[in-house]
Amino acid sequence: MKIAACLGVKDEVELIRAAVDHLRSIGVDHIIASDANSTDGTEVILAEMAKGPGFEVALFEDLHATDATEEAATAYIFARARAIGADWLLFCDADEFALPKTGQLRDVAALAGADALIIPRYNLPLLQSGLRLPQSGPKSQPQNILVYAPDEAGIATQSRVRTNNDAPWIAAIPSPKLMVRPDRIRSTAEAHHNIIAADGERVTTAVPKDLFIAHAPFSTVGRFARKIANIRILVEANGDQWGPNSAWHWKRWLENVDHRGGGAAELARNLVTPSELAELRRLGIIKTAVEVWDRAT
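Reading the values: rules and limits
Residues numbered from 1 in each chain as written. Predicted model: local features only at pLDDT ≥ 70, side-chain atom pairs only at ≥ 80, totals over all residues. Heavy atoms only, no water. Phe/Tyr/Trp six-rings, centres within 6.5 Å; stacked < 30°, edge-to-face > 60°. Helix = DSSP H or I, 4+ residues; strand = E, 2+ residues; numbered from the N terminus. Buried < 20%, exposed > 50% of the residue type's maximum accessible area, 1.4 Å probe, protein only. Pairing = 2+ DSSP bridges. Contact = heavy atoms within 4.5 Å. Axes fitted to C-alpha atoms, helices over the stretch in contact; angles between N-to-C directions.

Engineer: I keep staring at the packing of aromatic side chains and nothing clicks. Help me out?
Structural biologist: Centre-to-centre distance and the angle between the planes together describe a pair of aromatic rings. Taken as a whole and judged by the stated rule, the model has eight aromatic pairs. Centroid distance Trp169 to Trp253: 5.2 Å. Interplanar angle 75°. Geometry classified as edge-to-face. Of this pair, Trp169 sits in the loop between helix 4 (154-162) and strand 11 (177-180) while Trp253 sits in helix 6 (residues 248-259), placing them 84 residues apart in sequence. Here the two residues Trp169 and Trp253 agree in accessibility, since each one is buried. By the ring-pair criterion, three or more aromatic residues cluster together here, those being Trp169, Phe218, Phe224 and Trp253.

Engineer: Explain the sheet that holds strand 3 (residues 55-59) to me, please; I cannot follow it from the model alone.
Structural biologist: Strand pairs in the sheet, formed through backbone hydrogen bonds, run parallel or antiparallel to each other. The strand order across the open sheet built from seven strands is 3-2-1-4-11-6-14, with neighbouring strands paired in mixed fashion. Where the open sheet ends on each side, the last strands, each with one partner, are strand 3 and strand 14 (205-206). Here strand 6 (residues 116-119) runs beside strand 14; their pairing, made up of two bridges, is parallel. Along strand 14, the bridge assignment pairs Ala116 with Thr205. Where helix 1 (residues 16-25) meets the sheet, its contacts fall on strand 1 (3-9), strand 2 (30-35), strand 3 and strand 4 (88-93), and the angle it forms with strand 1 comes to roughly 165°. Across the face of the sheet, helix 3 (residues 67-83) comes into contact with strand 1, strand 2, strand 3, strand 4 and strand 11 while running at roughly 140° to strand 4.

Right under this line is the structure:
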C-alpha cells in the first residue's frame, strides 16, 4: 500500500518540520506540500525538503483565488497522487497531526472496505506551559496526548461557541478531514472536507474508529499574529467570499482581535490553566488519545 499526503501550508515555520516528520513516522510515502505563498521562512524549508525523495512542493495562489483556481489546484494534487501510484491520499494541514491507534496509517481498519475516510478532527488545548505537540510511531505515548473531544456533537459545540465571543474557540469541534482513494474519488470540496466522486461511481465512506486528527490552531503569539495578518490580506484581496457557515472562525478572530482586546487577549481566551485542565479532564471535555479511540469502539 502506497500512501500520499497533501500537506496544506501557509506560514508555518514553527510547525512544518514536526508536521513532515510526523507524516513520515505514521507511514506516508510521498508528501505534496501545497504552499499558499508562505513568506515566513517556511518556503525555504520546503525547498530544502523537496531536494530529497518522496517530497514535492505545489505552489497555490491563495490571493485572488477563485473556485476555478482552487479546483485546478486540487485536480493537480489528485493527478500527482495517481501519477506516483498512490493507493490512498490523506489531506491535512501543517497544524494537523493524524493519529492512527497503532501508529501506522496502513493499519487503519476502515481502509479495507472504504473509498474515503471521514476523519474526526479535534483541537489540541493550549496549555499554560505551551502547546504539546502529539507524537506517533514506536516512541508515542498516546496517554499523554490531550484533545478537546466532548461527547456532544460537533455542531453543538460550534453553536455554543459562535453565540458567545468570550467562549474559547478552541473548545469547538472542527469539521473532519479526508483520506481518499484517488482512483475512486475525483476531487474534494470545501477545503478538503467533502468528496466529489468520479463520474458514475458509487463510493463508500467510513468514519474510522482507530484514527483521528489532532489540530493545533494556537501555539505562540507570533504564529497567531501571522495567522491574523494573513487572514486580513486574504479578505482584502478576495473580499468576504465565504458564506455564513464558512470561515466563521476567521471572522470571529478578526472581530475579537479588533474589538475585544487584541491578539494577546484572544490567545488568552483559549489558554488552559492547570486547574482548568483538571476540571475539563474530570468532565470528559478534554480526553487523551486513548480515551478517544476507546470511545469510538
